[in-house]
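Spelled out, the chains give:
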Amino acid sequence: NLTITLDAGSCLVEQSAMVRMSVLNDCLRSIFNAEKRGKRQVLVRPVSKVIVKFLQQMMKHGYIGEFEIVDDHRSGKIVVELIGRINKCGVISPRFDVCHNEIEQWVVNLLPARQFGHIILSTSLGIMDHEEARRKHTGGKVLGFFY
């Protein structure tokens, strides 16, 4: 996008750039699209602590293989190994508050079955899935889900 502004004989060229609204959403979208296309790995950028914790939860539950963080002295990149287990993953925006007794209703609304899939919450005890949050008897904000 290029904007040219003319005033009093001078030419001023302004460059307007697109802004990333949700880096977590971009990450999960590119992982899901690569998974649908049957790719073995995907490059995700930029890196954030939330993305790393979300990917660690996905790896812990066996939905992705290992991932490697590449430091390029900018915003960073992550190379994620895909193993073909992700059916759907997404971000919940806005990040709704969830009490520990409301977690079950979110599971019913988001996941296809009780024993299948995970909702990721950002709690005061760290980023964890809904089962761990229920065990620790804590609530938080909903980040996203995968199954």
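Above: the structure in question.
Read on for a plain summary of the structure.

Calculation notes
Residues numbered from 1 in each chain as written. Predicted model: local features only at pLDDT ≥ 70, side-chain atom pairs only at ≥ 80, totals over all residues. Heavy atoms only, no water. Phe/Tyr/Trp six-rings, centres within 6.5 Å; stacked < 30°, edge-to-face > 60°. Helix = DSSP H or I, 4+ residues; strand = E, 2+ residues; numbered from the N terminus. Buried < 20%, exposed > 50% of the residue type's maximum accessible area, 1.4 Å probe, protein only. Lys NZ or Arg CZ within 6 Å of the ring centre and 35° of its normal. Pairing = 2+ DSSP bridges. Core = buried A, V, L, I, M, F, W, Y, C linked by side-chain atoms within 4.5 Å. Contact = heavy atoms within 4.5 Å. Axes fitted to C-alpha atoms, helices over the stretch in contact; angles between N-to-C directions.

The next point concerns the packing of aromatic side chains. Counted according to the given criterion, the structure contains 5 aromatic pairs. Arranged with centres 5.7 Å apart and planes meeting at 40°, the rings of F96 and W106 form a pair that is tilted. One end of the pair, F96, is in the loop between β6 (89-91) and β7 (97-98); the other, W106, is in helix α3 (residues 103-110), and 10 residues separate them in sequence. Looking at F96, the relative accessible area reads 40%, which means it is partly exposed. The structure contains a cluster of three or more aromatic residues connected by ring pairs, namely F54, Y63 and F146. Stacked on the ring of Y63, the Lys or Arg R85 has its end atom at 4.5 Å from the ring centre.

Burial of strand β8 (residues 118-123) is extensive: 5 of the 6 residues sit out of reach of the surface. Judged from the 5 bridges that link them, β8 and strand β10 (residues 140-146) form a sheet pairing that is antiparallel. Bridge pairing in β10 links I119 to F145. The pairing of β8 with strand β9 (residues 126-129) spans 4 bridges and is antiparallel. Counted as the bridge partner of S122 is I127 from β9. Linking two consecutive strands that pair antiparallel, namely β8 and β9, is a turn of 2 residues.

Turning our attention to the nonpolar core. Judged by nonpolar contacts, the single largest core of 24 residues is most densely connected at I31, L55, M58 and V80. Taken together, the elements giving at least two residues each to this core come down to α1 (23-37), β3 (41-44), α2 (49-60), β4 (64-70), β5 (77-82) and β10. Broken down by element, the residue count for this core peaks at 6 residues, all from α1. Contacts of L55, omitting those with residues within four sequence positions, involve C27, I31, I64, F67, I78 and V80. Counting residues in each nonpolar core, the second largest holds 13 residues, with I92, V98, M128 and V142 among its members.

Take unusual backbone geometry next. Excluding glycine, residues mostly have negative phi values, and the peptide bonds linking residues are mostly trans. Omega for the bond connecting R45 with P46 falls within 30 degrees of zero, at -5°, which places this linkage in the cis form. Topologically, P46 is positioned in the loop between β3 and α2. Cis geometry is adopted by the peptide bond preceding P94, which originates at S93 and carries an omega value of 5°. Even without glycine at this site, H73 takes up a positive phi of about 60°. By the element assignment, H73 lies in the loop between β4 and β5. Of note in the backbone geometry, H137 takes a positive phi value of approximately 60° without being a glycine. Judged by relative accessible area, H137 falls into the exposed class, the value being 55%.

Before going further, it helps to spend a moment on the sheet that holds β3. Here we have 3 strands laid out as an open sheet, ordered β3-β5-β4, and antiparallel in their pairing. Only two strands of the sheet have a single partner each, and these edge strands are β3 and β4. Looking at each pair of strands side by side, their axes are set apart by 20° on average, direction ignored. Bridge analysis of β4 against β5 gives 5 bridges, and the strand direction is antiparallel. Bridge pairing links I69 to I78 in β5. Here α1 sits on the sheet in contact with β3 and β5, set at roughly 160° to β3. In the packing of α2 onto the sheet, contacts are made with β4 and β5, and the angle to β4 comes to roughly 155°.

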